[in-house]
Amino acid sequence: MRTIVIGCDNAAVSLKNELIAFMKSKGVKVEDAGCSGSEDSTYYPYIAERVCQRIIDSGYEKHGVLICGTGLGMAISANKFKGIRAGVCHDPYSAERLKLSNNGNVLCMGERVIGVELAKKILWEWLNLEFVDSPSTPKVEAINEIEEKNHICAAR
Ligand code: RB5
């Protein structure tokens, strides 16, 4: 299974720690990109930047999990990076579609929205799927085409 880079802001430290422990218990290799704890007030876009940069530096081999209060700010920030397709999922069906319809490489969730057990279920659904060639492929390619047109840069 892929290495997962996980990050959160200080609204989601508790859920991040639960998800790290969960992934490790399942044998998933996890990299923690911060924040370091509830006293760390690093703004969520900078945490998203750290995680996305590690994904880009790995040649998109690594995937990411970003959590904040709602997941929304993390998804908005992550989607500013080239080759990143991030979505907020608070149910397992969306998690399945994020991978199979959108080739989503970053899963976002909100600690203030869902409970720990549901978050684990969503994460597990998404982690165990891989995007395969399907009628969704040209739609994902259209996202890449729009990215190119709008000059989104991969490098810092
Ligand atoms: C708290 O800063 C909150 O705004 C943040 O965690 C997130 O929910 C933003 O989308």
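Residues numbered from 1 in each chain as written. Predicted model: local features only at pLDDT ≥ 70, side-chain atom pairs only at ≥ 80, totals over all residues. Heavy atoms only, no water.

## Quick word on the nonpolar core
Here comes step 1: Core analysis: the largest hydrophobic core is formed by 44 residues, its most contacted members being Met-23, Leu-66, Met-109, Leu-123 and Trp-126.
Here comes step 2: Of all the elements in the fold, those that place two or more residues in this core are β1 (4–8), α1 (13–25), α2 (44–57), β3 (63–68), α3 (72–78), α4 (92–100), β5 (106–110) and α5 (116–127).
Here comes step 3: Here Met-23 is in contact with Ile-4, Ile-6, Val-28, Val-30, Leu-123 and Leu-127, once residues within four sequence places are set aside. (Core = buried A, V, L, I, M, F, W, Y, C linked by side-chain atoms within 4.5 Å. Buried < 20%, exposed > 50% of the residue type's maximum accessible area, 1.4 Å probe, protein only. Helix = DSSP H or I, 4+ residues; strand = E, 2+ residues; numbered from the N terminus. Contact = heavy atoms within 4.5 Å.)

## A few points about the site of the ligand
Here comes step 1: The ligand sits among Asp-9, Ala-11, Tyr-44, Cys-68, Gly-69, Thr-70, Gly-73 and Arg-112.
Here comes step 2: Class assignment of the residues belonging to the shell around the ligand gives a composition of three nonpolar, three polar and two charged. (Near = heavy atom within 4 Å. Nonpolar A, V, L, I, M, F, W, Y, C, P; charged D, E, K, R; others polar.)

## Remarks on a nonpolar patch on the surface
Here comes step 1: Taken together, the side chains of Leu-72, Ile-76 and Val-88 present a nonpolar region at the surface, about 260 Å² in accessible area.
Here comes step 2: Take Ile-76: it is sitting in helix α3.
Here comes step 3: On the basis of relative accessible area, Ile-76 is assigned to the exposed category, the value being 54%. (Patch = residues over 30% accessible without salt bridge, like charges linked within 9 Å, V, L, I, M, F, W, Y side chains within 5 Å. Areas by Shrake-Rupley, 256 points an atom, 1.4 Å probe, with all protein chains shown as cover. Salt bridge = Lys/Arg side-chain N within 4 Å of Asp/Glu carboxyl O.)

## A word on the packing of α4 against α5
Here comes step 1: With their axes 8 Å apart at the nearest point, α4 and α5 run at an angle of 25 degrees to one another. Our classification of the angle between α4 and α5 gives roughly parallel. Crossing handedness for the pair α4 and α5: right-handed. Between α4, through Pro-92, Ala-95, Glu-96, Leu-98 and Lys-99, and α5, the contact on the second element is made entirely by Leu-118, Lys-121, Ile-122, Glu-125, Trp-126 and Leu-127.
Here comes step 2: Across the contact of α4 with α5, the residue classes break down as seven nonpolar, no polar and four charged. (Axes fitted to C-alpha atoms, helices over the stretch in contact; angles between N-to-C directions. Parallel < 35°, antiparallel > 145°, perpendicular 65-115°, else oblique. Left-handed = near helix turned anticlockwise from the far one by under 90°.)

## Some details on the packing of α1 against α5
Here comes step 1: Axis separation between α1 and α5 bottoms out at 10 Å; the angle between their running directions is 50 degrees. By the angle between their directions, the pair α1 and α5 is classed as oblique. The interaxial crossing formed by α1 with α5 has right-handed handedness. Of α5, the residues touching α1 (which contributes Leu-15, Glu-18, Leu-19, Phe-22 and Met-23) are Val-116, Ala-119, Lys-120, Leu-123, Trp-124 and Leu-127.

## Observations concerning the side chain of Ser-136
Here comes step 1: As for its placement among the helices and strands, Ser-136 is situated in the loop between α5 and α6 (137–149).
Here comes step 2: Given the relative accessible area of 11%, Ser-136 is considered buried.
Here comes step 3: Excluding anything up to four places from it in sequence, Ser-136 contacts Leu-100, Ser-101 and Phe-131.

## Describing the sheet that holds strand β4 (residues 86–88)
Here comes step 1: Read across the sheet, five strands follow the order β2-β1-β3-β5-β4 without closing on themselves; strand pairing throughout is parallel. Strands with a single pairing partner mark the edges of an open sheet, and in this sheet they are β2 (30–32) and β4. On average, each strand axis in the sheet is tilted by 20 degrees relative to the strand beside it, whichever way the strands run.
Here comes step 2: The strands that α5 touches are β1, β3 and β5; relative to β5, the one it contacts most, it runs at about 170 degrees. (Pairing = 2+ DSSP bridges.)

## Structural notes on unusual backbone geometry
Here comes step 1: Following Gly-34, the chain continues into Cys-35 via a peptide bond in cis, with omega recorded as 5 degrees.
Here comes step 2: Within the fold, Cys-35 resides in the loop between β2 and α2.
Here comes step 3: Of note, the phi angle at Tyr-60 is positive, near 70 degrees, even though the residue is not glycine.
Here comes step 4: As for its position among the elements, Tyr-60 is in the loop between α2 and β3.

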